Amino acid sequence: MHVRTSIHATRRQVLMSGAALGVALGLGRLGSAHADDAAALPWHHATALTGTPKYPADFAHFDYVNPAAPKTGVVRLYDIGAFDSFNPILPRGNVPSGIGLLFQMLMTAALDEMDISAEYGLLAEAIQYPADFSWVRYRLRPEARWHDGQPVTADDVVWSFQKLTEINPTYKYYYSHVAKAEVVGPREVLFTFDQANNRELPHIVGQLLVLPKHWWEGTDARGNKRDINAGTLEPPLGSGPYRIKAFSAGQWISYERVPDYWAAGLPAELGQNNFDEIRYEVYRDSQIALEAFQGDPHDSRNDNSPNNWATAYDIPAVKDGRIRLETFPDRASGIMQAFVVNLRRPKFADPRVRRAINLVFDFETLNRTTFFDQYKRIPSFFAGTELASSGLPEGRELEILEVVRDKVPPEVFTTPYANPVNGDTDRIRANLRTAIDLLQQAGWTFRDRILVDADGKPFTIDYLSADPTFERVALPLKQALARVGIEMTVRTVDSSQYINLVRAFDFDMITSSWAQSLSPGNEQKEYWGSAAADNPASRNLAGIRDPAIDILIDRVIYATDRADLVAATRALDRVLLANNFVIPQWFIDYDRTARWNRFGHPEKMPAYSVGFPTIWWWDAELAARTGAPK
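Every value quoted in this text rests on a predicted model; they were computed, and no experiment measured them. (Residues numbered from 1 in each chain as written. Predicted model: local features only at pLDDT ≥ 70, side-chain atom pairs only at ≥ 80, totals over all residues. Heavy atoms only, no water.)

**Focus on the packing of helix α18 (residues 547–557) against helix α19 (residues 562–578)**
Look at α18 against α19: their axes get within 8 Å of each other, and the N-to-C directions meet at 160°. Considering the angle they form, α18 stands roughly antiparallel to α19. Here α18 and α19 pass one another in a crossing that is left-handed. Contacts between α18 and α19 pair Ile549, Leu552, Ile553, Arg555 and Val556 from the former with Leu565, Ala568, Thr569, Ala571, Leu572, Val575 and Leu576 from the latter. Broken down by class, the residue content of the contact of α18 with α19 amounts to 10 nonpolar, 1 polar and 1 charged. (Axes fitted to C-alpha atoms, helices over the stretch in contact; angles between N-to-C directions. Helix = DSSP H or I, 4+ residues; strand = E, 2+ residues; numbered from the N terminus. Parallel < 35°, antiparallel > 145°, perpendicular 65-115°, else oblique. Left-handed = near helix turned anticlockwise from the far one by under 90°. Contact = heavy atoms within 4.5 Å. Nonpolar A, V, L, I, M, F, W, Y, C, P; charged D, E, K, R; others polar.)

As structure tokens, this is what we get:
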């Protein structure tokens, strides 16, 4: 019921998402300054949003890898939902899990310093930028090449940027303040921004997905010209550690390790990508995938269901050690998972209505009866991190909030946010009374126990979902809302219809979640910014339009150091909570994993990721005891 991403899910997410950009300044001065200043500026092997990268220019490998890991074996994973395209940049269609293994970005992250968002050169060997971050220059590695042997060129980078922003509205929005991308040398690309002092912009450009221009503008085996604007099931050319070996559309896909992978010896890649083959089986839903796992057709699963974790693994393979259950602390991200009401609809416009819905939501009983008491209630939009607000604002956070004092609810300064607590009869009754009072204050009245507006129209909520298993969560809320006169229907549709309805903002209420990095920045505009409220490519699903939120997002983006970033993020969190924009659900701060015990991992694991299967390997001794895969 709560999802934490694996390393491959994260790669895939990077392909399909990004981060929004900020406030425009004059372009003329910025455009002319970099040419004169570049010669005097140093080149860097790595960057960090705050602080200094851990690894020096001459580092041998990341501390958390085994550089001598054997390169052999097969790991079998699974995916939910069919795929219909290998084109990674289209805003429509579904790409398979693992597609990110084919492609690379200019920079790559280290899994043990996500708190400062450090990135190290991958396709790029060096990065250069001025003190005001008004432009960035990347120098490509001379050895970087595509799987057909052709070099990765600066022209590939510029063409990829142009196509991403031309075809995909999400990327167009994210990179909207990149004023120009141009080739300025045989292996050099310059990105000029239309603003200064946004330290995240060079960082974001480093995450640019780079595609082979010559392949996409060429012809296939039948002589047909390829089209980057269209879906395709022709295995695409990449530069990454794997390529597509075989597949059956929508059913399974296999990736094989590229034996002469050009970056295998780079410090940022050493000890990784150790399996000869990575295979994904596709299942219709998570329950079928669980039942299949017990029979050994795939090797590993992250189990997000507390019911499964408590009851589904009482099987011989677990008892005799062939399947290993293990939890790993999640220090890499914060989370907000919530019932999201559509603020574009007038019935949800009043924050008292939204608070009333929260008051009747009985999390405590749900956690006890359905979740085996495994969850915590989410108290923050950055739950599980140091970025979460608590108590009353003070110090630097208070100074930041003073700027928006006249634009935020007064409770921001007087009352710490707290979710209602239910779980027993007395509390439930008290919260129902408070909810009814708030609804009446918001202009709703009762007629024959039905809540109606001034025109006599009943208050109804259509809860939209693509997951049938979520009905057991939605139905208790439906019953609770009925006690305050609100009729809620639960409508489950197929995934494609759900995606289309949500993109069109055609819903009353959904469940959604926002994963947060430890160094938030430009993506907050996409999540909560007013400009994103009507952009169907954005993640502002609630439709938040709030001037104070916009100001605080900019304070996060333009934070000067780590302490300033933490204070600005806590201020943003506090105002988001005070407006009751969403009804928070639940989270856990660890990953539940189950795997057939055939794999080894480094003795020193990275602080911020399980890293499976990227830094793991086939362990022949364990596999012999567990038995051959079926």
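On we go.
**Digging into the sheet that holds strand β9 (residues 188–193)**
Strand order in the open sheet made by the 4 strands is β6-β7-β9-β8, with antiparallel pairing throughout. Of all the strands in the sheet, just β6 (124–128) and β8 (178–185) have a single pairing partner and so form its edges. This sheet shows a mean twist of 20° between the axes of neighbouring strands, independent of strand direction. Relative to β9, β8 runs antiparallel, the two sharing 6 bridges. Bridging from a neighbouring strand, valine 178 pairs with phenylalanine 193 of β9. Contacting β7 (135–140), β8 and β9, helix α3 (residues 154–167) runs over the sheet at an angle of about 165° to β8. (Pairing = 2+ DSSP bridges.)

**Here's the deal with unusual backbone geometry**
Among all residues save glycine, negative phi is the norm, and among peptide bonds the norm is trans. Here the residue pair phenylalanine 612 and proline 613 is connected by a cis peptide bond, since its omega of 0° sits within 30 degrees of zero. Mapped onto the elements of the fold, proline 613 is located in the loop between β26 (599–600) and β27 (617–618). Residue arginine 449 is not a glycine yet carries a positive backbone phi of 65°. On the accessibility criterion, arginine 449 (75% relative accessible area) is exposed. The phi torsion at phenylalanine 505 lies on the positive side, around 55°, for a residue other than glycine. Mapped onto the secondary structure, phenylalanine 505 falls in the loop between α16 (495–503) and β22 (509–516). Take phenylalanine 505: its relative accessible area is 11%, and that puts it in the buried class. (Buried < 20%, exposed > 50% of the residue type's maximum accessible area, 1.4 Å probe, protein only.)

**Side note on the pairing of strand β2 (residues 74–80)**
In terms of burial, β2 is a largely internal element, 5 of the 7 residues being buried. Looking at chain direction, β2 and strand β13 (residues 277–283) are connected through 7 bridges and run parallel. If you follow valine 75 over to β13, its bridge partner there is isoleucine 278.

**Focus on the packing of aromatic side chains**
Counted under the stated rule, the structure contains 38 aromatic pairs. Judged by centre distance (5.3 Å) and plane angle (15°), the ring pair of phenylalanine 62 and tyrosine 64 falls under stacked. A centroid spacing of 5.0 Å and a plane angle of 50° characterise the contact between tryptophan 514 and tryptophan 528, whose relative ring orientation is tilted. Here tryptophan 514, found in strand β22, pairs with tryptophan 528, found in helix α17 (residues 523–528); they are 14 residues apart in sequence, far enough to count as distant. Assessed through its relative accessible area of 1%, tryptophan 514 is described here as buried. The class for tryptophan 528 is buried, based on a relative accessible area of 1%. Of note, arginine 279 hangs over the ring of tryptophan 252, and the distance from its end group to the ring centre comes to 4.1 Å. Positioned over the ring face of phenylalanine 505 is arginine 344, at 3.5 Å from the centre of the ring. (Phe/Tyr/Trp six-rings, centres within 6.5 Å; stacked < 30°, edge-to-face > 60°. Lys NZ or Arg CZ within 6 Å of the ring centre and 35° of its normal.)

**Section: the environment of isoleucine 588**
When you line up the elements, isoleucine 588 lands in the loop between β24 (586–587) and β25 (590–596). Sequence separation between isoleucine 588 and leucine 164 is 424 residues, and the spatial gap between their C-alpha atoms is 35 Å.

**Details of helix α12 (residues 395–402)**
For α12, the set of buried residues is Glu397, Ile400 and Leu401. Seen from one end, α12 has its buried residues packed into an arc of 95°, which puts them on one side. In this structure, the buried residues of α12 make contact with α13 (411–414), α18 and α19. (Arc of directions from axis to C-beta.)

**Regarding the sheet that holds strand β15 (residues 323–329)**
Hydrogen bonds along the backbone pair up the strands of a sheet, which may run parallel or antiparallel. Spatially, 3 strands are ordered β14-β25-β15 in an open sheet, and the strand pairing comes out antiparallel. In this open sheet, the two strands that pair with only one neighbour each are β14 (300–302) and β15. Put simply, the sheet's adjacent strands are angled 20° from each other on average, direction ignored. Note: β15 against β25, 7 bridges, orientation antiparallel. Within β25, the position partnered with arginine 324 by the bridge is arginine 595. Along the sheet, helix α7 (residues 286–294) makes contact with β14, β15 and β25, crossing β14 at roughly 145°.

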